[in-house]
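What follows is the residue order along each chain.
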Amino acid sequence: MKSVVSRPLVVVLAALVFSLAASSAPAPADPLVGTWKLNVAKSKYNPGPPPTSETVTYEAVQGGVKYTVKGSQADGSPINFAGSLIHDGKDYPSTGTPDYDTVSTLRISPLPSESIRKKSGKVAQVTTRVVSKDGKSLTLTTKGTTAAGATIHNEAVYE
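Residues numbered from 1 in each chain as written. Predicted model: local features only at pLDDT ≥ 70, side-chain atom pairs only at ≥ 80, totals over all residues. Heavy atoms only, no water.

**Considerations on the overall build of the protein chain**
Here's step 1: When helices and strands are tallied, the protein chain shows one helix and 11 strands.
Here's step 2: Starting at the N terminus and ending at the C terminus, the protein chain contains elements arranged as α-β-β-β-β-β-β-β-β-β-β-β.
Here's step 3: Taken across its 159 residues, the protein chain has 29% of its residues classed as buried.
Here's step 4: Across the protein chain, contacts joining residues at least 24 apart in sequence account for 28% of those joining residues at least 6 apart. (Helix = DSSP H or I, 4+ residues; strand = E, 2+ residues; numbered from the N terminus. Buried < 20%, exposed > 50% of the residue type's maximum accessible area, 1.4 Å probe, protein only. Contact = heavy atoms within 4.5 Å.)

Written out as structure tokens, the structure is:
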């Protein structure tokens, strides 16, 4: 008895099954996701002074991450701001800081991303985030101006 299913049909069906399995595989984990604590000794704040403490928590959301930042400024005032880094280049609201009110983010590659922070529609700061290849440190380099008009160039190292 001859097989009813032809060889080309079997090949097409096998390819379809493999492509469906590959498309339903989970996306690789974002190396940014997690809780990061500022290492003040390894960080550089120009003009300074640096915060006495800061913790950033990144939580995975559709298209990017949600961030929450908590800590203490050098003068003892609290740090408490939040927003989303959605990797589509569109502006998303950020709350709790006088320096900017929206953030737009693009992923440069799996490890770095760049965000443009805006205040009232005008670019205030540009921040680059780089997670080390071993996933143990995160460096945020921020250049721009504060709400008070001070020029900043900060390199914050988190572990």
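**Examining the pairing of strand E4 (residues 64-72)**
Here's step 1: As paired strands, strand E3 (residues 53-61) and E4 are joined by nine bridges and run antiparallel to one another. In the sheet register, Glu 59 faces E4, and the bridge partner there is Lys 66.
Here's step 2: Linking E3 back to E4 in an antiparallel pair, the connection comprises two residues, with Gly 63 at a positive phi of about 85 degrees.
Here's step 3: Both E4 and strand E5 (residues 78-86) contribute to a ladder of nine bridges, which runs antiparallel. Each bridged residue has a counterpart across the sheet, and for Gly 71 the counterpart in E5 is Ile 79.
Here's step 4: Hairpin remark: E4 followed by E5, antiparallel, with five residues in the connecting loop; positive phi at Gly 76, about 95 degrees. (Pairing = 2+ DSSP bridges.)

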